[in-house]
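# Summary of the model geometry
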Amino acid sequence: MDFGTVIDAAFSAALGPQAIVFALAAIGLNVHFGYTGLLNFGQAGFMAIAAFGLAVSVVTWDLSFWLGLVIALGASVLLALVLGVPTLRLRADYLAIVTIATSEILRLIFGAVEFKDTFGGSNGLTGFASTYRDLNPYNSGLDIGVVSFSVNDLWSITVGWTLVGLGCLLVWALMRSPWGRVLKSIREDEDAVRSLGKNVFAYKMQALVLGGIFGGIAGIFHILKQGSAVPTDFNTTFTFYAYAALLIGGAARVLGPVVGSIVFWFLIAGLGSFFGQATSGTDPLIPDFIMTNTQSSLIRFILLGLGLMLLMIFRPQGIFGDRREIAIDAR
Amino acid sequence: MPVELSAARKALEGVPAEPGAPKPDPIVKGSNILRTFGGLKAVDVEHIEIQRGVITALIGPNGAGKTTLFNLLTGFDEPDEGDWSFNDHTLGKVPAYKVARLGMVRTFQLTKVLSKLKVIENMRLGATGQRGEKFWSAPFKSLWSSQEDEITARADALLERFKLDAKREDFAGSLSGGQRKLLEMARALMVDPELIMLDEPMAGVNPALKQSLLGHVKSLRDEGRTVLFVEHDMDMVRDISDWVIVMAQGQIVAEGTPQSVMADQRVIDAYLGAHHDTDITEVDLAELEIEAEAELDQEGTS
């Protein structure tokens, strides 16, 4: 049992690119769900459309990387508009149904054999990240004992946490403003807001687009840090892990999604490494009749589910949430 | 202010007490408003006019279509047919937020305070034309902070008037039912409406607070606003309204001053009941019982 490896795995995941992807996606969900009360269950779709927007622009259409970025973000905005127009006038659950369906449709289209020439089929696309990698100013990786990052990861971490920081700054500035006040009021009671002369539909649309852009940035960052765009990366579990991260950190709090993602990946990677080691070798810490090595990679998700349940029961507001905002029962 | 009161009453003096009566200075004017739910005609109003600067009560039994008419007038529901105007703006399928911006603001039967926002934030939300509510200027506080200060000053003045200033920093969800009604009314005033429509302002309010609520409604008129309210509390209707419109089965069945309406036999039959203005005593109850039994007997034989 090497606890150094466990800690290294936990910290590397919690501070590394993977947590950043989830932090960005969860910031978007925080705008949707935490502040506005929009149930977007298709954040993976926003990520996928932006990711493939960039990949297809650069690889298939041979456009420049920067134009590809514009197209990618434009695609996530367009998706928000297309989803919002029919559903934002309806009850909240319709948006949930439509978004989850759309994210699946997008994933299946991007992975379809029929569109292999454009989207690369189930293998996806590669070879669009050279501009991004060329910008890397670092010459070597980082190893400070408890964590170690490769030279590519170090660059991704720099870019990624900068994006997360800027995103949080924007959300903070928006949510302390009267604009944010309208969103929070819509979350409470749309009709009350309408009766005071606010165009609820327009505000919901703005929130959907803003959160969708964060999803898009998460998707772009995800394919850049690994250098490939693979459709199966954008399945629905991604959205729900991002929700888990948001709830752990605390919805409707600026830093909630960020801290939530860090904690989420710390636990997932740490537990994975721990149980992996505890069940391997000739004389494992946990004997075979309790858990085999193949089962050990799944136990962390079982514990995650258990943890989420306990969180909802004992601390529904998450790490940062305000108990009073949750505890008051309106009805 | 008795002078104002008599002015309001005087303006209505020559108006005939009949359904759909034309008013000398109507703020709302509507014709042939129809709203059906399936086969049911929830609202079927031939003609309605609301006089400016007075308190008009809208009464009627449950299911008479009062709230539906409210929803239609304020854009929360769409009519099958018909149109109406507010200050010469034609409305009919205009969305609710635009109606509110024109100066026609409503409250709700079940109060809609934003319980997870503080009382003062509830109030600030009511102000219209806020620069900080625009997406592109929202992140830059310097663009909206001075306006926010003005709004806050107005909100504080209103909170004081409605005796909610002690609750300023509390979450609205912690308020009592009556306080919520007050907050909703105060918040509606942040829009600075010309016409304020109150849907059952007295429902669920304890008697101690009722008197102050009545005073607040009167003060709305005295500062020049028009008030239209739905109410079941006949004491309130008698006490503060200048004009009463009676609805039954979606139609306007009577109109007039409170005194004339309460004396109208059709209104009594449809809504008030014969004993509406007497306190019920045990003798009355015995009589009522005998009456009821007699009716039952008749039904049994016919």
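None of the values given here were measured: they were computed from a predicted structure. (Residues numbered from 1 in each chain as written. Chains lettered and ligands numbered in written order. Predicted model: local features only at pLDDT ≥ 70, side-chain atom pairs only at ≥ 80, totals over all residues. Heavy atoms only, no water.)

### Looking at the overall build of chain B
Per the secondary structure count, chain B includes 11 helices and 10 strands. Residue burial in chain B is summarised as follows: out of 302 residues, 50% are buried. Put simply, of all contacts in chain B between residues at least 6 apart along the chain, 67% involve residues at least 24 apart. Surface exposure of chain B reaches about 14000 Å², of which carbon and sulfur atoms provide 51%. (Helix = DSSP H or I, 4+ residues; strand = E, 2+ residues; numbered from the N terminus. Buried < 20%, exposed > 50% of the residue type's maximum accessible area, 1.4 Å probe, protein only. Contact = heavy atoms within 4.5 Å. Areas by Shrake-Rupley, 256 points an atom, 1.4 Å probe, with all protein chains shown as cover.)

### What to know about the packing of aromatic side chains
By the definition in use, this model includes 22 aromatic pairs over all chains. With a centroid separation of 5.1 Å and an interplanar angle of 80 degrees, the aromatic rings of A:Phe65 and A:Trp66 are classed as edge-to-face. A cation over a ring is seen here: B:Arg106 above B:Phe76, with NZ or CZ 5.2 Å from the ring centre. (Phe/Tyr/Trp six-rings, centres within 6.5 Å; stacked < 30°, edge-to-face > 60°. Lys NZ or Arg CZ within 6 Å of the ring centre and 35° of its normal.)

### Looking at the sheet that holds strand 1 (residues 26-37) of chain B
All names here are of chain B. One open sheet accounts for four strands, arranged 2-1-4-5; its pairing is antiparallel. Of all strands in the sheet, those bounded by a partner on one side alone are strand 2 (40-51) and strand 5 (89-91). Between one strand axis and the next, the sheet turns by 20 degrees as a mean value, whatever way the strands run. Looking at chain direction, strand 1 and strand 2 are connected through 10 bridges and run antiparallel. (Pairing = 2+ DSSP bridges. Axes fitted to C-alpha atoms, helices over the stretch in contact; angles between N-to-C directions.)

### Describing the pattern of salt bridges
Where side chains of opposite charge bring their charged atoms close, a pairing between them can arise. One pass over the full model with this rule turns up 30 salt bridges over all chains. With a closest N to O distance of 2.5 Å, B:Glu121 and B:Arg124 form a salt bridge. Of this pair, B:Glu121 and B:Arg124 both sit in helix 4 (residues 119-126), three residues apart, which is roughly one turn of that helix. Here B:Glu121 falls in the partly exposed class, since its relative accessible area comes to 22%. Look at B:Arg124 and you get buried, because its relative accessible area is 13%. Here the salt bridges do not stand alone but share partners, grouping A:Arg181, B:Glu121, B:Arg124 and B:Glu148 into one network. (Salt bridge = Lys/Arg side-chain N within 4 Å of Asp/Glu carboxyl O.)

### So, the packing of helix 5 (residues 141-161) of chain B against helix 6 (residues 177-190) of chain B
Residues and elements named next belong to chain B. Contact geometry for helix 5 and helix 6: axes closest at 10 Å, N-to-C directions at 145 degrees. At the point where helix 5 passes helix 6, the crossing takes the right-handed sense. Seen from helix 5, the contacting residues are Ile151, Arg154, Ala155, Leu158 and Arg161; seen from helix 6, they are Ala186, Leu189 and Met190. (Left-handed = near helix turned anticlockwise from the far one by under 90°.)

### Description of the sheet that holds strand 7 (residues 195-199) of chain B
All names here are of chain B. Read from one edge to the other, the open sheet built from six strands follows the order 6-7-8-3-9-10, with strand pairing classed as mixed. Pairing within the sheet leaves two strands with one partner each, and these edge strands are strand 6 (104-106) and strand 10 (251-256). For this sheet the average axis-to-axis angle between neighbouring strands, irrespective of direction, equals 20 degrees. Sheet topology places strand 3 (residues 55-59) next to strand 8 (residues 226-230); four bridges connect them, and they run parallel. Counted as the bridge partner of alanine 57 is phenylalanine 229 from strand 8.

### Some points on helix 3 (residues 43-60) of chain A
Residues and elements named next belong to chain A. The first and last C-alpha atoms of helix 3 sit 25 Å apart over 18 residues, in line with the 26 Å expected at 1.5 Å per residue. For helix 3, the tally of buried residues reaches 16 of 18 residues, placing the bulk of the element in the interior. Looking at the residues trailing helix 3, positive phi occurs at aspartate 62, about 60 degrees. (Expected span 1.5 Å × (residues − 1).)

### Here's the deal with the confidence of the model for chain A
Any segment with low pLDDT has predicted coordinates that should not be analysed in fine detail. For chain A, per-residue confidence averages 91 on the pLDDT scale, and 97% of positions sit at 70 or higher. The least confident element of chain A is helix 15 (residues 323-327) of chain A, whose mean pLDDT is 61; the most confident is helix 11 (residues 200-226) of chain A, at 97. (pLDDT = per-residue confidence, 0-100.)

### Brief notes about the interface of chain B and chain A
Taken together, the contacts link 35 residues of chain B with 30 residues of chain A. Here chain B and chain A share an interface that buries about 3000 Å² over both sides, 64% of which is from carbon and sulfur atoms. There are four salt bridges connecting chain B and chain A. A salt bridge links A:Arg181 to B:Glu148; the shortest N-O distance between them is 2.8 Å. Along the contact surface separating chain B from chain A lie 12 residue pairs in polar contact (both at pLDDT 80 or more). (Buried area = accessible area lost by both parts, 1.4 Å probe. Polar contact = N/O pair within 3.5 Å; in protein donor to acceptor, adjacent residues only side chain to side chain.)

### Brief notes about the nonpolar core
Counting 139 residues, the largest nonpolar core has A:Trp179 and B:Phe229 as the members making the most contacts within it. For this core, the element with the most residues is helix 11 of chain A, which contributes 14 residues. Residue contacts for A:Trp179: discarding those within four places in its chain leaves A:Leu174, A:Tyr203, A:Gln206, A:Ala207, A:Leu210, B:Gly132, B:Glu133, B:Lys134, B:Phe135 and B:Ala138. Ranked by size, the runner-up nonpolar core spans 31 residues in total, among them B:Leu12, B:Val54, B:Phe70 and B:Trp243. (Core = buried A, V, L, I, M, F, W, Y, C linked by side-chain atoms within 4.5 Å.)

### Observations concerning the side chain of A:Lys225
All names here are of chain A. Assignment of secondary structure puts lysine 225 in helix 11. There is no salt bridge for the buried lysine 225, and the closest opposite charge comes from aspartate 233, which lies 6.8 Å off by N-O distance. Looking at lysine 225, its side chain comes within polar contact range of the side chain of glutamine 18, at 2.8 Å. Among all residues touching lysine 225, those that are not within four sequence positions of it are Pro17, Gln18, Val21, Arg133 and Ser156. (Lys, Arg positive; Asp, Glu negative; His and termini not counted.)

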